[in-house]
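Coordinate inspection notes
Below are the chains, spelled out letter by letter.
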Amino acid sequence: GVDIAHSLMQRLAVPDEMRERVTFVVRHHLEMVRYFNKFDLGDPEVIEAFAAFTKGHQRLRYLCVHTYCDANGTSPDLWNNHKDDLHRQLFDSTLRVLGGRPARRDPADLRAAHTHLQIPGLSREQIDAHLQALPDRYFSHAGEEEIALHLSMTARYLGQASPDTISLRHPPAIEWRDDLRRSLTIVHLVIKDRSALFARFAGSFAVAGMNILGSRAFTSSEGITIDVFFVESEKGGPADDPRTREA
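Reference entry: report on the structure contained in this document.

Conventions used here
- Residues numbered from 1 in each chain as written.
- Predicted model: local features only at pLDDT ≥ 70, side-chain atom pairs only at ≥ 80, totals over all residues.
- Heavy atoms only, no water.
- Helix = DSSP H or I, 4+ residues; strand = E, 2+ residues; numbered from the N terminus.
- Contact = heavy atoms within 4.5 Å.
- Areas by Shrake-Rupley, 256 points an atom, 1.4 Å probe, with all protein chains shown as cover.
- Lys, Arg positive; Asp, Glu negative; His and termini not counted.
- Charge placed at Lys NZ, Arg CZ, Asp CG, Glu CD.
- Salt bridge = Lys/Arg side-chain N within 4 Å of Asp/Glu carboxyl O.
- Buried < 20%, exposed > 50% of the residue type's maximum accessible area, 1.4 Å probe, protein only.
- Phe/Tyr/Trp six-rings, centres within 6.5 Å; stacked < 30°, edge-to-face > 60°.
- Axes fitted to C-alpha atoms, helices over the stretch in contact; angles between N-to-C directions.
- Parallel < 35°, antiparallel > 145°, perpendicular 65-115°, else oblique.
- Nonpolar A, V, L, I, M, F, W, Y, C, P; charged D, E, K, R; others polar.
- Pairing = 2+ DSSP bridges.

A few words now on the overall build of the protein. Looking only at helices and strands, the protein features 12 helices and 4 strands. Over its C-alpha atoms, taken along the principal directions, the protein stretches across nearly 75 × 40 × 30 Å. The long-range share in the protein, meaning contacts at least 24 apart out of those at least 6 apart in sequence, stands at 62%. For the protein, the accessible area works out to roughly 14,000 Å², and carbon and sulfur atoms hold 51% of it. Charge centroids of the protein, computed over 30 positive and 34 negative side chains, lie 3 Å from each other.

On to the pattern of salt bridges, then. One pass over the structure, following the stated rule, counts 12 salt bridges. A salt bridge links Arg21 to Glu17, with the nearest nitrogen and oxygen atoms 2.6 Å apart. Pair noted here: Arg21 and Glu17 are both in helix 2 (residues 16-27), with a separation of 4 residues, about one helical turn. Judged by relative accessible area, which is 16%, Arg21 ranks as buried. The closest approach of N and O atoms between Arg182 and Asp85, which form a salt bridge, is 3.6 Å.

One pass over the full model with this rule turns up 12 aromatic pairs. Taken together, a centroid distance of 5.3 Å and an interplanar angle of 45° make the contact between Phe24 and Phe53 tilted. Of this pair, Phe24 sits in helix 2 while Phe53 sits in helix 4 (residues 44-54), and the two are 29 residues apart along the sequence. Judged by its relative accessible area of 5%, Phe24 falls in the buried class. Pairing Tyr138 with Phe139 gives two aromatic rings, centres 5.3 Å apart and planes at 90°, and the pair type is edge-to-face. Here the two residues Tyr138 and Phe139 agree in accessibility, since each one is buried. Linked through ring pairs, Phe24, Tyr35, Phe39, Phe50 and Phe53 together constitute an aromatic cluster.

Below, the discussion takes up the packing of helix 4 against helix 5 (residues 57-74). Axis separation between helix 4 and helix 5 bottoms out at 8 Å; the angle between their running directions is 100°. By the angle between their axes, helix 4 is roughly perpendicular relative to helix 5. Contacts between helix 4 and helix 5 involve Phe50, Phe53 and Thr54 from the first element and Arg59, Leu60 and Leu63 from the second. Looking at side-chain class alone, the contact of helix 4 with helix 5 contains 4 nonpolar, 1 polar and 1 charged residues.

Attention shifts here to the sheet that holds strand 4 (residues 224-232). In space, the 4 strands of this open sheet follow the order 1-2-4-3, with antiparallel pairing throughout. The open sheet has two edge strands with one neighbour each: strand 1 (173-179) and strand 3 (211-219). On average, each strand axis in the sheet is inclined to that of its neighbour by 15°, with strand direction left out of account. As paired elements, strand 3 and strand 4 share 8 bridges and run antiparallel to each other. Bridged to Thr219 within strand 4 is Thr225. Against the sheet, helix 10 (residues 144-158) contacts strand 1, strand 2 (184-192), strand 3 and strand 4, and its axis sits at roughly 40° relative to strand 2. Packed on one face of the sheet, helix 11 (residues 197-207) meets strand 1, strand 2, strand 3 and strand 4 and runs near 25° to strand 4.

As structure tokens, then:
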């Protein structure tokens, strides 16, 4: 591809600066997809690495446009609203870093931003204890609404028990949320951590005929894990069939 591009640009008398950008895009045309499919876009190191890779605003913009056109031109089935969101997130985050804004934020500041949360049925002390038990990286991924949901689910899961005494046989707290804009379903699960737990959940979705588009997993210092799966039905779209969810 690069040799063909060089030949064409020479015939068309494309300026040297433009030739460099086009060559970069042709040589690395799958790199943006690889990043947003494989890596955690909430990790500052990932964004900094991609910014160092592109080395400039124009390269990033060219690669962003080519990634979208290449996928949709190859087959419309290669692109969906979830990938579009990841694509946009990687572009926006990288652009901020290239513009001089740091990708890293102080974990203490991120955690402190949610100390005002008020959740029905939970005291201030309980909320603060749950927040302190969560790992720093959790707050780079979750917004206020999601944090409130997870704290409520954790309290519901534990009930009157403590993280130390709750049985491994205790069923998880589960919430299904359909995201119609992205044409997918977000499944939130809270349960006591154990060996191969994430693999078991992934296998359960597969058996139920759902496609997993993405996932996140966090374990608190108390041994309670919060798993978030982005899934779609077998034919695409939200997994909103009650029979599938019960399976």
